[in-house]
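Listed below are the residues making up each chain.
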Amino acid sequence: SFKQWVLRHSLWHVIAGADATYAALRHVPGEGVIEKLLLGALVRVALVYCAVLALLFLVALLLGEYRRGLIWDCGAEWASWVAPLGTDLTDDASSSC
């Protein structure tokens, strides 16, 4: 399904971002000078990212399926998403945002 693809694609972005971060920090210039600061900053950023993600999941669960659907539709409209050819969408075409 499309929603499943979006989740997998988002997960791919997280993995690719982690891989790029590792590659960028593997042999950083001046590593000896910033090594202790770098690890602490990276851990803090990762913790904040995880906390925000957990908060978003919690809010999504508390909103209920109907409101999540409205937010999903609004996001799809804002991103100019269109249904694939041959897909029958029975929702009205009016703006939900």
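Higher on the page you've got the structure.
Predicted model, so just to flag it, every value in this text is computed and none were measured.

Novice: Give a description of helix 2 (residues 31-63) that names residues and reports values.
Specialist: Helix length check: helix 2, at 33 residues, gives a terminal C-alpha distance of 45 Å against a target of 48 Å (1.5 Å per residue), a fit within 8%. Maximal helix bending in helix 2 amounts to about 35°, located at Leu-37. In the stretch just after helix 2, Gly-64 is the one whose phi turns positive, near 95°.

Novice: Tell me about the packing of helix 2 against helix 3 (residues 65-78), and name the residues and values.
Specialist: Across the interface, helix 2 lies against helix 3 with an axial gap of 6 Å and an inter-helix angle of 120°. For the element pair helix 2 / helix 3, the angle class is oblique. Residues Ala-60, Leu-61 and Leu-63 of helix 2 form the contact with helix 3, whose own contacting residues are Glu-65, Arg-67, Arg-68 and Ile-71. Class assignment for the residues of the contact of helix 2 with helix 3 results in 4 nonpolar, no polar and 3 charged.

Rules and cut-offs
Residues numbered from 1 in each chain as written. Predicted model: local features only at pLDDT ≥ 70, side-chain atom pairs only at ≥ 80, totals over all residues. Heavy atoms only, no water. Helix = DSSP H or I, 4+ residues; strand = E, 2+ residues; numbered from the N terminus. Expected span 1.5 Å × (residues − 1). Bend = angle between axes of the 7 residues up to and from the residue. Axes fitted to C-alpha atoms, helices over the stretch in contact; angles between N-to-C directions. Parallel < 35°, antiparallel > 145°, perpendicular 65-115°, else oblique. Contact = heavy atoms within 4.5 Å. Nonpolar A, V, L, I, M, F, W, Y, C, P; charged D, E, K, R; others polar.

Nothing here speaks to function; it is geometry throughout.
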